[in-house]
Amino acid sequence: MHIFKKGEPNWVGPLNQNFEDVSNHVASVDNPHRVTAKQVGAWPLLYTDIIAPTTQTPGYANADEWTTPGSAIAIPTYTAAQSVDNLPVPAPGTMVVLCERFQEEKSDLRQVYICDDGGVYSRPKYYYDQNTWKRWRSNLPTSGTNANGSWVQWPDGTMITYGKLTSQTVPPNSTVGIQETSIPLPVMFIGDTPNISLTPLLDTGMGAVSVKLGGVTRSAFWGSVTNFISIERTVEIHWQAIGRWK
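Residues numbered from 1 in each chain as written. Predicted model: local features only at pLDDT ≥ 70, side-chain atom pairs only at ≥ 80, totals over all residues. Heavy atoms only, no water.

(A) How the structure looks around the nonpolar core. By size, the foremost hydrophobic cluster in this structure holds 20 residues, and its most contacted members are L198, F221, V225, I237 and W239. Excluding its chain neighbours within four sequence positions, the residues that come into contact with L198 are I178, V211, K212, L213, F221, I237, H238 and W239. Counting 18 residues, the second largest nonpolar core, distinct from the first, contains A61, W66, A80 and L87. (Core = buried A, V, L, I, M, F, W, Y, C linked by side-chain atoms within 4.5 Å. Buried < 20%, exposed > 50% of the residue type's maximum accessible area, 1.4 Å probe, protein only. Contact = heavy atoms within 4.5 Å.)

(B) Spatial organisation of the sheet that holds strand β11 (residues 158-170). Pairing is antiparallel across the open sheet formed by five strands, whose spatial order is β9-β10-β11-β17-β14. The open sheet has two edge strands with one neighbour each: β9 (142-146) and β14 (190-202). Pairs of neighbouring strands in the sheet enclose a mean axial angle of 15°, with direction left out of account. Across five bridges, β9 lies against strand β10 (residues 149-153) in antiparallel orientation. Looking at the pairing, G144 lines up with W151 of β10. (Pairing = 2+ DSSP bridges. Helix = DSSP H or I, 4+ residues; strand = E, 2+ residues; numbered from the N terminus. Axes fitted to C-alpha atoms, helices over the stretch in contact; angles between N-to-C directions.)

(C) Broad picture of the environment of T217. Of note, T217 is situated in the loop between β15 (209-216) and β16 (220-227). For T217, a relative accessible area of 29% gives the class partly exposed. Separated by 32 residues in sequence, T217 and L185 have C-alpha atoms that sit 9.4 Å apart. Only 3.2 Å separates the side chain of T217 from the backbone nitrogen of S219, close enough to count as a polar contact. (Polar contact = N/O pair within 3.5 Å; in protein donor to acceptor, adjacent residues only side chain to side chain.)

(D) The arrangement of the pattern of salt bridges in detail. In this structure the tally under the stated criterion is two salt bridges. For D64, the salt bridge identified is with R123, shortest N-O distance 2.7 Å. Here R123 lies in strand β7 (residues 120-125) and D64 lies in the loop between β2 (61-62) and β3 (72-75), a separation of 59 residues in the sequence. According to the relative accessible area criterion, D64 is partly exposed, its value standing at 29%. Notably, a salt bridge pairs D129 with K134, separated by 3.3 Å at the nearest N-O pair. (Salt bridge = Lys/Arg side-chain N within 4 Å of Asp/Glu carboxyl O.)

See the structure below:
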């Protein structure tokens, strides 16, 4: 830092140098560890990658491996999206990787997938919590199907599961257990047990058949079906459960 003396000639150059020294000092105080914008998740000026529109081989890319803070990956077509494992939906959009907490190799990350149709999905990856990607969450309802039925989950925590039980034979004037066992739900509810409704679908319009709910847990239900006439009946049962998933 130059110290001026009264009447000193050629003072403009030293004064400008003083300003530059002060500026450098302030920069070092504000950012003593020299953390870069990229390290804290700043957006790059351009896409860092793009999945080719013609890509269609499953497993061509894996979203779990996109862990560079600040990167953005464009997925321009449905064909390209179907080639990327672990996307929230097989639809075109842009993936952005953000840094929630920076600590060199132990950072907490978040992926945000912005679909071209307006859907937004996100999931975190916390280093001190198994360091694995968590479940995708969305601002839109999500759905799925497995061997036990189907479900729809809304962001507010509401969930509906539904399905049908294959036709079973009920002897004349008899009551039998539905499938003779408990019926597993496709996904588990949380909190209170769900409200379940049962609807029988008859083989003909003749005679009366009723179904009765016997019991409910957060993961299964059971019940019985009664045939009130003197001929054997074949009954298909449709069911629906409403409760909460979070």
